[in-house]
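# Understanding the architecture of this molecule
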Amino acid sequence: MFTSEKGVVEEWLSEFKTLPETSLPNYATNLKDKSSLVSSLYKVIQEPQSELLEPVCHQLFEFYRSGEEQLLRFTLQFLPELIWCYLAVSASRNVHSSGCIEALLLGVYNLEIVDKQGHSKVLSFTIPSLSKPSVYHEPSSIGSMALTESALSQHGLSKVVYSGPHPQREMLTAQNRFEVLTFLLLCYNAALTYMPGVSLQSLCQICSRICVCGYPRQHVRKYKGVSSRIPVSSGFMVQMLTGIYFALYNGEWELAQKALDDIIYRAQLELYPEPLLVANAIKASLPHGAMKSSKEGTRCIQVEITPTASRISRNAVTSMSIRGHRWKRHEQPDNNNDTTELGILVIPEISVTSVAGERTGNGDKSRALGEIDAQHMQGVQDTPTDPRPESKGLPEIRRQKSVRKMMEDGINPPGRVQF
């Protein structure tokens, strides 16, 4: 540890002791921006023989029990590194050098298991039902199983899992060690969204080290220092996977993916079904390429959701489109039925109501117009021969002329009453 880094830590220790209580919120807000202090504290924790380790652990505990939310999160970011240092020292059977770290972990644990009034906490978790939609699924896409889940949920059969009350601990032993550490990781995972990137990196690295130390994969990872196997519990590995799953989509793709593979490796050796189930489910849901997520700002998992509101297609069939298609179809030229006399174009008959039997025979329809009719229709023929759907007056004029022409020829159109 360099002299400059040691001076930063010593200044941080002395500054908090002389800080008045009224300026504590401003101090807590500015503390998270001191990156040089955070890196120096990591180096102090990583050196069990450092003389600054005990005062640092004491001040971190003071931060945690101060009641200030920002100071509490500042202590929580070092929790993965503290857990690794404690397990590494315990594996080397040098318990005396980890006394201050053990005291800090026990202090945080005993503070978290009780509420502000000192009563034991009981945490409850409601398991989501497949019959209720979420950002990940819709019940209609599941099939008959959704109907069964829906029927059960209407009777209030939602499954709730309880955790607690947890007993207070005065010291860490081989029997209660992972019970305490698992609960501490649960508290850390509850504040994952507030953890900086350096804390997520530390989480991924310590997960890999814990899982492969003492096994052949340690030489592949080139981890030095601890060569003894570190025992782990199934619940502890599941909590590690929770943090790794968050780190995968929040800027630590490579480290988190490596830690995920190491946890699967260790879970297969230990034959733990719960971590294997969770880890394989996470691995199966990962995208093929690396996540290009920014390390700044809000990050999230992209999920394609079926829209709940009905949308109208751009190619939807409307009354205007049907009317336009009808006029275009009937306005096409017919060489067999259209004749010209004296330069006058014969207007074909147009069916407006599409009633069966309304059209006349080809012989009647091919008769030439007389001069009187031609003069009468002169005003009508000045309009374009290819009317558009928006020309509302033209089809009615042509229909009236078609009916008048048949009445003058002595033909009674079928389906119509002759006046």
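### Points about the overall build of the protein
A count of helices and strands for the protein gives 19 helices and four strands. Looking at the 419 residues of the protein, the share that counts as buried comes to 37%. At a minimum sequence separation of 6, the contacts of the protein that also span at least 24 residues come to 70%. As presented, the protein carries roughly 25,800 Å² of accessible surface, and 53% of it is formed by carbon and sulfur atoms.

### Some words on empty space enclosed by the protein
Taken as a whole and judged by the stated rule, the model has two cavities of 30 Å³ or more. Roughly 30 Å³ of volume is contained in the second largest cavity. Contributing to the lining of the second largest cavity are Thr-75, Leu-76, Leu-79, Leu-82, Leu-104, Leu-105 and Val-108. Listing elements by their share of the lining of the second largest cavity, those giving two or more residues are helix H5 (69-76), helix H6 (79-91) and helix H7 (99-112). With three residues, H7 is the single largest residue contributor to the lining of the second largest cavity. Of the residues contributing to the lining of the second largest cavity, the split by class is six nonpolar, one polar and no charged.

### Some remarks on the nonpolar core
Residues Trp-12 and Phe-74 are the most contacted members of the largest nonpolar core, which totals 91 residues. When residues in this core are grouped by element, the largest group, nine residues, is from H6. With near-sequence residues (within four places) excluded, Phe-74 lies in contact with Trp-12, Leu-31, Leu-37, Val-38, Leu-41, Leu-60 and Phe-63.

### Here we look at the packing of helix H1 (residues 3-17) against helix H4 (residues 53-64)
One way to put it is that H1 packs onto H4 with a least axis distance of 11 Å and a crossing angle of 45 degrees. If you check the angle between H1 and H4, you find them oblique. Note that H1 runs across H4; the crossing there is left-handed. Each of Val-9, Trp-12, Leu-13 and Phe-16 in H1 lies in contact with H4, whose residues at this interface are Pro-55, Val-56, Gln-59, Leu-60, Glu-62 and Phe-63. Taken together, the residues that form the contact of H1 with H4 break down as eight nonpolar, one polar and one charged.

### Some thoughts on the packing of aromatic side chains
As enumerated under the stated definition, the model contains twelve aromatic pairs in all. Ring geometry for Phe-16 versus Tyr-27: centroids 6.1 Å apart, planes at 35 degrees, classification tilted. Of this pair, Phe-16 sits in helix H1 while Tyr-27 is found in helix H2 (residues 24-31), placing the two residues eleven residues apart along the sequence. The class of Phe-16 is buried, set by a relative accessible area of 17%. Taken together, the ring pairs in this structure connect Trp-12, Phe-16, Tyr-27, Tyr-42, Phe-63, Phe-74 and Phe-78 into an aromatic cluster. Across the ring face of Tyr-265, the terminal group of Arg-217 is positioned such that the distance to the ring centre comes to 4.3 Å. Seen from the ring of Tyr-215, Arg-229 lies directly overhead, with NZ or CZ sitting 4.2 Å from the centre.

### Thoughts on unusual backbone geometry
The phi torsion at Lys-222 lies on the positive side, around 60 degrees, for a residue other than glycine. Accessibility expressed as a relative area gives 69% for Lys-222, which makes it exposed. Positive phi is not limited to glycine here, since Leu-271 has a value of about 60 degrees. As for its placement among the helices and strands, Leu-271 is situated in the loop between helix H13 (253-270) and helix H14 (273-285). Since its relative accessible area comes to 67%, Leu-271 is described here as exposed.

The rules behind each value
Residues numbered from 1 in each chain as written. Predicted model: local features only at pLDDT ≥ 70, side-chain atom pairs only at ≥ 80, totals over all residues. Heavy atoms only, no water. Helix = DSSP H or I, 4+ residues; strand = E, 2+ residues; numbered from the N terminus. Buried < 20%, exposed > 50% of the residue type's maximum accessible area, 1.4 Å probe, protein only. Contact = heavy atoms within 4.5 Å. Areas by Shrake-Rupley, 256 points an atom, 1.4 Å probe, with all protein chains shown as cover. 1 Å grid on protein atoms, 1.4 Å probe; cavity = no way out; pocket = protein on both sides within 12 Å on 5 of 7 lines; lining within 4 Å. Points joined across faces, edges and corners; volume = space filled by probe spheres on them. Nonpolar A, V, L, I, M, F, W, Y, C, P; charged D, E, K, R; others polar. Core = buried A, V, L, I, M, F, W, Y, C linked by side-chain atoms within 4.5 Å. Axes fitted to C-alpha atoms, helices over the stretch in contact; angles between N-to-C directions. Parallel < 35°, antiparallel > 145°, perpendicular 65-115°, else oblique. Left-handed = near helix turned anticlockwise from the far one by under 90°. Phe/Tyr/Trp six-rings, centres within 6.5 Å; stacked < 30°, edge-to-face > 60°. Lys NZ or Arg CZ within 6 Å of the ring centre and 35° of its normal.

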